[in-house]
Amino acid sequence: MEIVLSGIRPTGQLHLGNYYGALRNFVRIQDKYECYYFIADLHSLTTHPHPDDFHANVKNILAEYLAAGLDPEKSALYIQSDVPEVSELYVLLNMLAYKGELERTAAFKDKVRHNPENVNAGLLTYPVLMASDILIQRANWVPVGKDQDQHLEMSRVFAKRFNNFYGVEVFPEPHAMDFGGGSLKVPGLDGNGKMGKSEGNGIYLADDEKTITKKVMRAVTDSGPTVPNSPKPVVIENLFTLLKLVSTPDTVEFFDEKWNDCSIRYGDLKKQLAADICKVTLPIRERIIEISQDNDYLAKVVKSGCERARANASKTLEAARKAVGFRKF
Ligand code: TYM
């Protein structure tokens, strides 16, 4: 059976971007593949989260994974730092990763621009750790949003480089999983690019109805169309992109027609959008609250996830160590 793997950093609550870009797809494929889904807590250290919040954030994402429909009987759900094989492979792969190529990564340049006082080596080698996550499970497919395309490309480069350098076939090349139409970028409500945890422009799976409605009603718009059938400016296109994710095709068509004949009322569009977002997220919110209270269940899930993840990872690490030349005395 082919292997699927993906992860999310525990740096805040999950939003619609994480859900539609990644998590919903994790859930949809878990019957058809051998699935490994983890919480990337080591990656989150690159931005120095506070130790007091660290565990709570991990627990939060775990509850959100389960609430969204990940089934620990089907998929291995684990915490990245519980699998030490990942960190050892990271050390080995770092020897084949070059400073120049790491410095050219778009996400690294972005972090340097926004956080010049915290350009640590973990940030530079972020793509190497991500490659280790993927390659240690010998994943064939990785469901991620558009923002991770470059990291995935680097994972392929590191896999090929290791195989070629040592003359082995230890790692298959991992590919982005295509759910039709290429990888997804869910926009934020502020008209500025993607929905993100640090952008403050998101709707969270754990938001209540009042909060969701307030956020959507405040979303940036313009003064409205004046020429029939004109192209939509980015801020309006963003609202339609969200509508397409959560609403029925009929609803989208209805507002499209209103846009085209210039009779659209943004207030109506937003009310509909908020209501349809609530339909998707409120049942998940309820389950998040319920699951978060069951610490015994959460402990059982991560224990069995860790065992499954380590069982597979240790075989890969053994092959990688052998390729590098480690031998027992
Ligand atoms: P992270 O935690 O930033 O995001 C988790 C997942 O959500 C997707 N995503 C989006 N998709 C569409 N539109 C958006 N606005 C949006 N925002 C987030 C991301 O593409 C991602 O799939 N480096 C990864 C975590 C990671 C990982 C891995 C993923 C570590 N190791 C190995 C896959 C395989 C990250 O920071 O994702």
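Each remark here, short or long, concerns the structure printed above.
Described in the following lines is the structure provided in the data block. (Residues numbered from 1 in each chain as written. Predicted model: local features only at pLDDT ≥ 70, side-chain atom pairs only at ≥ 80, totals over all residues. Heavy atoms only, no water.)

Overview of a negative patch on the surface
Argument step 1. Negative charge collects at one region of the surface, where Asp 250, Glu 253, Glu 257 and Asp 261 lie side by side.
Argument step 2. Here Glu 257 is to be found in helix H12 (residues 249-260). (Patch = residues over 30% accessible without salt bridge, like charges linked within 9 Å, V, L, I, M, F, W, Y side chains within 5 Å. Areas by Shrake-Rupley, 256 points an atom, 1.4 Å probe, with all protein chains shown as cover. Salt bridge = Lys/Arg side-chain N within 4 Å of Asp/Glu carboxyl O. Lys, Arg positive; Asp, Glu negative; His and termini not counted. Charge placed at Lys NZ, Arg CZ, Asp CG, Glu CD. Helix = DSSP H or I, 4+ residues; strand = E, 2+ residues; numbered from the N terminus.)

Considering the nonpolar core
Argument step 1. Counting 58 residues, the largest nonpolar core has Leu 23, Tyr 37 and Tyr 65 as its most contacted members.
Argument step 2. With 10 residues, helix H13 (residues 266-292) is the largest single contributor of residues to this core.
Argument step 3. Composition of this core by domain shows at least three residues from each of domain 1 (3-185 + 294-324) and domain 2 (209-289).
Argument step 4. Ignoring sequence-local partners within four residues, the contact set of Leu 23 consists of Leu 14, Asn 18, Glu 64, Tyr 65, Ala 68, Leu 70 and Leu 205. (Core = buried A, V, L, I, M, F, W, Y, C linked by side-chain atoms within 4.5 Å. Buried < 20%, exposed > 50% of the residue type's maximum accessible area, 1.4 Å probe, protein only. Domains from an automatic or database assignment. Contact = heavy atoms within 4.5 Å.)

A short note on the packing of H12 against H13
Argument step 1. Taken N-terminus to C-terminus, the directions of H12 and H13 make an angle of 165°; their axes are 11 Å apart at the nearest point. Taken together, the axes of H12 and H13 lie roughly antiparallel to each other. Handedness of the crossing formed by H12 with H13: left-handed. Touching Thr 251, Phe 255 and Trp 259 of H12 are Tyr 266, Asp 268, Leu 269, Gln 272 and Asp 276, all from H13.
Argument step 2. Here the residues of the contact of H12 with H13 are counted per class, giving four nonpolar, two polar and two charged. (Axes fitted to C-alpha atoms, helices over the stretch in contact; angles between N-to-C directions. Parallel < 35°, antiparallel > 145°, perpendicular 65-115°, else oblique. Left-handed = near helix turned anticlockwise from the far one by under 90°. Nonpolar A, V, L, I, M, F, W, Y, C, P; charged D, E, K, R; others polar.)

Here we look at the packing of aromatic side chains
Argument step 1. Counting across every chain of the model gives eight aromatic pairs.
Argument step 2. Ring centres 6.1 Å apart and planes at 80° place the aromatic pair Phe 26 and Tyr 65 in the edge-to-face group. Linking Phe 26 in helix H1 (residues 16-29) with Tyr 65 in helix H3 (residues 51-67), this pair joins segments that are 39 residues apart in sequence.
Argument step 3. Relative accessible area serves as the criterion here: at 0%, Phe 26 is assigned to the buried category.
Argument step 4. Between the aromatic rings of Phe 254 and Phe 255, the centroid separation amounts to 5.0 Å while the plane-to-plane angle is 90°, which identifies the pairing as edge-to-face.
Argument step 5. What links up through ring pairs into an aromatic cluster is the set Phe 162, Phe 165, Tyr 166 and Phe 171.
Argument step 6. Sitting over the ring of Phe 240, Lys 232 keeps its end group 4.3 Å from the ring centre. (Phe/Tyr/Trp six-rings, centres within 6.5 Å; stacked < 30°, edge-to-face > 60°. Lys NZ or Arg CZ within 6 Å of the ring centre and 35° of its normal.)

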